[in-house]
Amino acid sequence: FAVCHWAACIWYSIGRQNAGEVHFDGSIASWVTEAQLGYPYIGEDKFHHYICSLYFVLTTMTTVGYGDITPTNIQEVGFTIILLVISSVVFAGMVGTLTDMISALNSQRRELLEKRVMLSRSRSKS
């Protein structure tokens, strides 16, 4: 969760840098401004902005990416790429850890089964 929190804070700060500005073609230059125009309930409340930032980070890191909040300038696109790389590494680490845990459980079961077989063999000999 810490990675998500910090990524959401960075995403929000990048969005605030260009808030209220427009590109040369008239399009909105910040996800914050775009979200405020598209979702009037967001307003200026920083908590709502944090929730939207966290929502974007979670949907990006889980590769769901609904597309309702999107990067609108090069800094936001760059951050999104870095976030995808980080989330890939985190996901790979989690899968590796889960695999190790399952492997350890299987080896413990195998050892227990071997002990049961040895015990049953020793009982049948006596």
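Residues numbered from 1 in each chain as written. Predicted model: local features only at pLDDT ≥ 70, side-chain atom pairs only at ≥ 80, totals over all residues. Heavy atoms only, no water.

1. Some thoughts on the overall build of the protein chain
So, step 1. Looking only at helices and strands, the protein chain has four helices and zero strands in total.
So, step 2. Ordered by position from N to C terminus, the α and β elements of the protein chain give α-α-α-α.
So, step 3. The C-alpha atoms of the protein chain give a radius of gyration of 25 Å, which is well past the 14 Å a tight globule of 126 residues would have.
So, step 4. The dimensions of the protein chain, computed from C-alpha atoms along their principal axes, are 90 × 25 × 20 Å.
So, step 5. Among the 126 residues that make up the protein chain, the fraction classed as buried is 26%.
So, step 6. Of the accessible surface of the protein chain, which amounts to about 8700 Å², a share of 66% is contributed by carbon and sulfur atoms.
So, step 7. With 9 positive and 10 negative side-chain charges, the protein chain shows a spacing of 33 Å between the two charge centroids. (Helix = DSSP H or I, 4+ residues; strand = E, 2+ residues; numbered from the N terminus. Rg over C-alpha atoms; globule rule 2.2 N^0.38 Å. Buried < 20%, exposed > 50% of the residue type's maximum accessible area, 1.4 Å probe, protein only. Areas by Shrake-Rupley, 256 points an atom, 1.4 Å probe, with all protein chains shown as cover. Lys, Arg positive; Asp, Glu negative; His and termini not counted. Charge placed at Lys NZ, Arg CZ, Asp CG, Glu CD.)

2. Things to note about the nonpolar core
So, step 1. Membership of the largest hydrophobic core comes to 17 residues, with the highest contact counts inside it found for Trp11, Trp31, Phe56, Val57, Ile69, Phe79 and Leu83.
So, step 2. Looking at this core, the element that brings in the most residues is helix H1 (residues 2-17), giving six residues.
So, step 3. Once residues within four sequence positions are removed from consideration, Leu83 is found in contact with Ala7, Phe56, Val57, Thr60 and Met61. (Core = buried A, V, L, I, M, F, W, Y, C linked by side-chain atoms within 4.5 Å. Contact = heavy atoms within 4.5 Å.)

3. Some thoughts on the confidence of the model for the protein chain
So, step 1. Of all residues in the protein chain, 96% attain a pLDDT of 70 or more, and the chain-wide mean is 85.
So, step 2. Per-element confidence in the protein chain is highest for H1, whose mean pLDDT is 91, and lowest for helix H2 (residues 31-38), whose mean pLDDT is 78. (pLDDT = per-residue confidence, 0-100.)

4. Some words on the side chain of Ser87
So, step 1. Relative to the helices and strands, Ser87 is located in helix H4 (residues 74-125).
So, step 2. One polar contact links the side chain of Ser87 to the main-chain carbonyl oxygen of Leu84, over a distance of 2.9 Å. (Polar contact = N/O pair within 3.5 Å; in protein donor to acceptor, adjacent residues only side chain to side chain.)

5. Regarding the environment of Ser13
So, step 1. Its place among the elements puts Ser13 in helix H1.
So, step 2. Distance in space between the C-alpha atoms of Ser13 and Val32 is 9.5 Å, their sequence separation being 19 residues.
So, step 3. Among the polar contacts made by the side chain of Ser13, one reaches the main-chain carbonyl oxygen of Ile10 at a distance of 2.9 Å.

6. Comments concerning the packing of H1 against H4
So, step 1. Across the interface, H1 lies against H4 with an axial gap of 10 Å and an inter-helix angle of 170°. One way to sum up the angle between H1 and H4 is to call them roughly antiparallel. On H4, the residues touching Val3, Ala7, Ile10, Trp11, Ile14 and Gly15 of H1 are Gln75, Glu76, Phe79, Thr80, Leu83 and Ile86.
So, step 2. In terms of residue class, the contact of H1 with H4 is built from eight nonpolar, three polar and one charged. (Axes fitted to C-alpha atoms, helices over the stretch in contact; angles between N-to-C directions. Parallel < 35°, antiparallel > 145°, perpendicular 65-115°, else oblique. Nonpolar A, V, L, I, M, F, W, Y, C, P; charged D, E, K, R; others polar.)

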